[in-house]
Amino acid sequence: MRLVSELKKKDLIGKRVLVRADFDVPIKNGVIVDDSRLERSLPTIKFLLKAGAKVIVLAHLGQRVESLRPVERWFKQKIKNKNLTVLENLRQDPREEANDLQFTKELAKRGDIYINDAFAASHREHASIVRLPKLLPAYAGLHLAQEVKVL
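Please read all numbers here as calculations on a predicted model, not as lab measurements. Counting restarts for each chain, with residues numbered from 1 along the sequence as it is written. Confidence filtering applies because this is a predicted model: local features only for residues at pLDDT of at least 70, side-chain atom pairs given and counted only at 80 or more, and all residues used for totals across whole chains, interfaces and linings. The side-chain numbers reported here are obtained from all heavy atoms of the structure, hydrogens and water having been left aside.

> Sorry, what's going on with the environment of Arg73 here?
Counting from the N terminus, the helices are the DSSP runs of H or I reaching at least four residues and the strands are the DSSP runs of E reaching at least two. Within the fold, Arg73 resides in helix α3 (residues 69-78). Between the C-alpha atoms of Arg73 and Thr104, which are 31 residues apart in sequence, the distance is 26 Å.

Here it is, written out as structure tokens:
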């Protein structure tokens, strides 16, 4: 398993890094009730931003109708960096769960490097988990690596 921590600043500066995160958090009336999953993704995101990467976060939330906009607002409050983007709920596109190759190629065009930091979702055979690391150089994020170590 290749780890994001093995990457040097020269490997990351100016690169577009797709981070697959686990943002399936409870939201009531547009307010995040439990942000612990978001907090666990911060070390990887901050590591990449500090190295000069442009971070594009891929995640899902519930099923198809939920929006990641509350999550995006949470991150904008925590991290004041224009190089961080949170894309909309991957499951809004049925091709994510279908593990569709064309959808994966569309995602891959957005990045240069792939980081999986979504431990709780890693068992799923979805495009952003299974196919995307086959199209881009892929690494485990800090949270994923820690969970594997604990196991």
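> Could you clarify how one ought to interpret the pairing of strand β6 (residues 113-116) in this entry?
Walk down a regular strand and you will see the side chains alternate between the two sheet faces. Alternating positions in β6 separate into two faces, Ile113 and Ile115 on one and Tyr114 and Asn116 on the other, with burial throughout. Each pair of strands is called paired provided DSSP finds at least two bridges between the two strands. Relative to strand β7 (residues 138-140), β6 runs parallel, the two being bridged by three bridges. Bridge pairing in β7 links Asn116 to Ala140. Following the chain from β6 across helix α6 (residues 127-135) to the adjacent parallel β7, one finds a crossover that is right-handed. Each residue's exposure class comes from its accessible area (1.4 Å probe, protein chains only) as a fraction of the maximum for that residue type: buried when under 20%, exposed when over 50%, partly exposed otherwise. By convention, orient the strands away from the viewer: a clockwise path from the first strand over the helix to the second makes the crossover right-handed.

> Would you explain the nonpolar core in this entry?
Note that soluble globular proteins tend to have their nonpolar side chains buried in a common cluster. Here, nonpolar core refers to any group of buried Ala, Val, Leu, Ile, Met, Phe, Trp, Tyr and Cys residues whose side-chain atoms link them within 4.5 Å. Ranked by internal contacts, the top residues of the largest apolar core, which has 30 residues, are Phe23, Leu48 and Phe75. Elements represented by at least two residues in this core include exactly β1 (16-20), α2 (36-50), β4 (54-58), α3, β5 (84-86) and β6. Looking at this core, the element that brings in the most residues is α2, giving five residues. Whether two residues are in contact is decided by their heavy atoms: any pair within 4.5 Å suffices. Look past the residues within four positions of Phe23 in its chain and what remains in contact with it is Leu38, Ser41, Val57, Ala59, His60, Leu61, Leu68, Val71 and Phe75. Leu18, Leu107, Tyr114 and Ala127 belong to the second largest nonpolar core, which has 16 residues in total.

> Would you explain unusual backbone geometry in this entry?
Phi is mostly negative for residues that are not glycine, and the peptide bonds are mostly trans. Positive phi outside glycine occurs at Asn29, with the angle close to 55°. By the secondary structure assignment, Asn29 is in the loop between β2 (27-28) and β3 (31-32). For Asn29, a relative accessible area of 82% translates into the label exposed.

> What am I meant to see in the pattern of salt bridges here?
Pairs may arise between side chains of opposite charge once their charged atoms sit close together. Throughout this description, the term salt bridge denotes a Lys or Arg side-chain nitrogen within 4 Å of a carboxyl oxygen of Asp or Glu. Counting across every chain of the model gives nine salt bridges. For the salt bridge of Asp11 with Lys10, the shortest nitrogen-to-oxygen distance reads 3.6 Å. Asp11 gets classed as partly exposed once you look at its relative accessible area, which sits at 25%. A salt bridge links Arg95 to Glu106, with the shortest nitrogen-to-oxygen separation between them at 2.9 Å. Of the two residues, Arg95 sits in helix α4 (residues 94-97) while Glu106 sits in helix α5 (residues 101-108), which places them eleven residues apart along the sequence. Among the residues examined, Arg95 registers a relative accessible area of 26% and is labelled partly exposed. Residue Glu106 is classed as partly exposed on the basis of its relative accessible area of 33%.

> How should the packing of α5 against α6 be read in this particular structure?
Think of two packed helices as two axes; the pair is described by the angle between the axes and how far apart they sit. Two numbers describe how α5 lies on α6: the axes approach to 9 Å, and their chain directions differ by 65°. Relative to α6, α5 is oriented so that their crossing is right-handed. Residue-level contacts link Leu101, Phe103, Thr104, Lys105, Leu107 and Ala108 of α5 to Ala127, Ser128, Arg131, Leu132 and Leu135 of α6. Note on residue classes: Ala, Val, Leu, Ile, Met, Phe, Trp, Tyr, Cys and Pro are nonpolar, Asp, Glu, Lys and Arg are charged, and everything else, Gly too, is polar. When the residues that make up the contact of α5 with α6 are grouped by side-chain class, the tally is seven nonpolar, two polar and two charged. Only the stretch in contact is used when a helix axis is fitted, and all axes are lines through C-alpha atoms; the angle between N-to-C directions ranges over 0 to 180 degrees. By definition, turning the near helix anticlockwise from the far helix through less than a right angle yields a left-handed crossing, and turning it clockwise yields a right-handed one.

> Mind showing me how you'd approach the sheet that holds β5 here?
Pairing between sheet strands relies on hydrogen bonds along the backbone, with the strands arranged either parallel or antiparallel. Taken together, the five strands give an open sheet; going across it, the order is β5-β4-β1-β6-β7, and neighbouring strands pair in parallel fashion. Each edge of the sheet is formed by a strand with only one pairing partner; in this case those strands are β5 and β7. When strand polarity is set aside, the average angle formed by the axes of neighbouring strands in this sheet is 25°. Relative to β6, β1 is paired through four bridges, and the arrangement is parallel. When the sheet's bridge partners are listed, Val17 is paired in β6 with Ile113. Of the strands in this sheet, β1, β4, β5 and β6 are in contact with α2, which crosses β4 at around 155°.

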